[in-house]
Amino acid sequence: MEIRVLQYFLAIAREETIVGAAEALHITQPTLSRQMKDLEDELGKKLFIRSNKKITLTDEGMLLRQRAEEIVSLVHKTELEITSLDSLISGNIYIGSGESRSLKVIIKTMKKMQSRYTNVKFNLYSGNADDVIDKLDNGLIDFALITEHPKLSEYNHLRLPLSHQWVVMMKKDDSLSCKESITFEDIKLNIISSYTLLYNASLMVEEGLGYAICFDKLINTTGNSLLTYRPLTPSVNVENYFIWKKYQVLTKASQCFLDLVQETIKEST
């Protein structure tokens, strides 16, 4: 399976017509159609549902689109890394992170880096630990910020100086807001929703859908906010870690950034 063919496939997925994709790629329609027929034959799966108006993807086609986008992105990232090895410190640094106040350490480092090396750009991906670890394993990001995780020992890691505490988010007028701390006996665990971004969960709490179990200090509950936090008891603190793959060859920009992260951690402790 060639990268070029994957790029052809992605063009069809975007344009939703052979005509539009062929024009965007500057190749003939018969050539493009033949390449896609060969790709379907190679995989032994039908990738497209063809109609008079547009082309849509089958389930197999949608899976291939997701993987093809990752592969093409990784190839592009690798090309940039190789061409920048002998150049001044420049290029892109890719970081994955969940919602965490420890991100302040990384953002301070980004500010330092940008003031010294203006040709360095940052790409910040938001997701939970499993999401960012998957991207790290597949080479789509250089670093990740995660909380304590069963796979932590498989990576090089730095412990960040800021931690979190598990709390219960509720409305300020809730009957439990008068308590100094909350136990699981205080709340009936009828789980009606999960979430990945706490802001979205806070909107549900505001609407009276229930409570959110979350990290503290991520949502501003001061002033006119309808929300407040109460710590869970027994208290549980959660550490945060900055991780990268073992035996990974870092670009000059990524290595410089890692050095500055270590410097910023020392300044913060």
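Sequence positions are assigned chain by chain, starting from 1 and proceeding in written order. The model is predicted, so local features are restricted to residues of pLDDT at least 70 and side-chain atom pairs to those at 80 or more, both for listing and for counting; the totals for chains, interfaces and linings are taken over all residues. Water and hydrogen atoms were dropped before computing side-chain values, which therefore reflect all heavy atoms in the structure.

**Considerations on a nonpolar patch on the surface**
Logical step 1: Patch membership is restricted to residues that have no salt bridge and whose relative accessible area is over 30%. Joining uses 9 Å for like charges and 5 Å for the nonpolar side chains Val, Leu, Ile, Met, Phe, Trp and Tyr. Here the accessible surface of atoms and residues is derived via Shrake-Rupley with a 1.4 Å probe, and residues count as covered only by protein chains that are part of the display. Here a salt bridge means any side-chain nitrogen of Lys or Arg lying within 4 Å of a carboxyl oxygen belonging to Asp or Glu. On the surface, Phe184, Leu189 and Ile191 cluster together to form a nonpolar patch covering roughly 350 Å² of accessible area.
Logical step 2: Note that Ile191 resides in the loop between β7 (164-171) and α7 (198-206). Runs of E in the DSSP output that reach at least two residues are strands. Runs of H or I that reach at least four are helices, and both are numbered from the N terminus.

**So, helix α5 (residues 103-116)**
Logical step 1: Given the number of residues in a helix, its expected span is that number minus one, multiplied by 1.5 Å. Taking 1.5 Å as the rise per residue, α5 with 14 residues should run 20 Å; its terminal C-alpha atoms sit 20 Å apart, in good agreement.
Logical step 2: Only protein chains enter the accessibility calculation, which uses a 1.4 Å probe; a residue is then buried when its area is under 20% of its type maximum, exposed when over 50%, and partly exposed in between. Among all positions of α5, only Leu103, Val105, Ile106, Thr109, Met110, Lys112 and Met113 are buried.
Logical step 3: Throughout, a contact is declared for two residues whenever any of their heavy atoms are within 4.5 Å. Elements that come into contact with the buried residues of α5 comprise β3 (91-97), β4 (120-126), β5 (143-147), β11 (240-245) and α8 (252-268).

**Let's talk about the pairing of β4**
Logical step 1: With seven bridges connecting them, β3 and β4 associate as parallel partners. Residue pairing for β4: Asn92 is matched across the bridge by Lys121.
Logical step 2: In this fold, the crossover linking β3 to β4 by way of α5 has right-handed handedness. A pair of strands is treated as paired once DSSP finds two or more bridges between them. Throughout, right-handed denotes a crossover for which the path from the first strand over the helix to the second runs clockwise when the strands point away from the viewer.

**Quick word on unusual backbone geometry**
Logical step 1: The linkage connecting Thr233 with the following residue, Pro234, adopts the cis geometry, with an omega of 5 degrees.
Logical step 2: Note that Pro234 resides in the loop between β9 (227-231) and β10 (237-238).
Logical step 3: In this structure, Glu16 takes a positive phi of about 65 degrees despite not being glycine.
Logical step 4: Inspection of the secondary structure assignment puts Glu16 in the loop between α1 (3-15) and α2 (18-25).
Logical step 5: In this model, Lys217 sits at a positive phi of 65 degrees, which is unusual for a non-glycine residue.
Logical step 6: Relative to the helices and strands, Lys217 resides in the loop between β8 (212-215) and β9.

**Looking at the pattern of salt bridges**
Logical step 1: By the definition in use, this model includes 11 salt bridges.
Logical step 2: Among the salt bridges present, the one from Arg159 reaches Glu239, with a minimum N-O distance of 3.3 Å. Of this pair, Arg159 sits in strand β6 (residues 155-159) while Glu239 sits in the loop between β10 and β11, and the two are 80 residues apart along the sequence.
Logical step 3: Since its relative accessible area comes to 48%, Arg159 is described here as partly exposed.
Logical step 4: On the basis of relative accessibility, which here comes to 22%, the residue Glu239 falls in the partly exposed class.
Logical step 5: The network of salt bridges with shared partners includes Lys112, Arg116, Glu263 and Glu267.

**Looking at the packing of aromatic side chains**
Logical step 1: Classification of ring pairs rests on two measures: the distance between centres of Phe, Tyr or Trp rings, Trp counted by its six-membered ring, which must be within 6.5 Å, and the angle between planes, read as stacked under 30 degrees, edge-to-face over 60 and tilted in between. With the rule as written, the count across this model stands at seven aromatic pairs.
Logical step 2: Residues Phe9 and Phe48 carry aromatic rings whose centres are separated by 5.5 Å and whose planes lie at 50 degrees to one another, so their mutual orientation is tilted. Taken as a pair, Phe9 in helix α1 and Phe48 in strand β1 (residues 48-50) lie far apart in primary sequence, 39 residues in all.
Logical step 3: By relative accessible area, which is 1% here, Phe48 ends up buried.
Logical step 4: Relative to Phe257, the ring of Phe122 lies with its centre 5.4 Å away and its plane at 55 degrees, an arrangement referred to as tilted. On the criterion of sequence distance, the pair formed by Phe122 in strand β4 and Phe257 in helix α8 is long-range, its members being 135 residues apart.
Logical step 5: Phe257 sits in the buried class, given a relative accessible area of 0%.
Logical step 6: Over the aromatic face of Tyr125 sits the side chain of Lys135, whose NZ or CZ is 4.8 Å from the ring centroid. Should the NZ of a Lys or the CZ of an Arg lie within 6 Å of a ring centre and within 35 degrees of the ring normal, that charge is described as sitting over the ring.

**Digging into the sheet that holds β5**
Logical step 1: Pairing in this open sheet of five strands is mixed, and the strands run β4-β3-β5-β11-β6 from one edge to the other. The two strands at the open ends of the sheet, each matched to only one other strand, are β4 and β6. Averaged over all pairs of adjacent strands, the angle between their axes in this sheet comes to 25 degrees, without regard to strand direction.
Logical step 2: Lying on the sheet, α5 is in contact with β3, β4, β5 and β11; it crosses β4 at an angle near 160 degrees.
Logical step 3: As a rule, the C-alpha atoms of each element are fitted with a line to give its axis, helices using only the stretch in contact, and angles between N-to-C directions run from 0 to 180 degrees. Contacting β3, β4, β5, β6 and β11, α8 crosses the sheet at an angle of about 35 degrees to β6.

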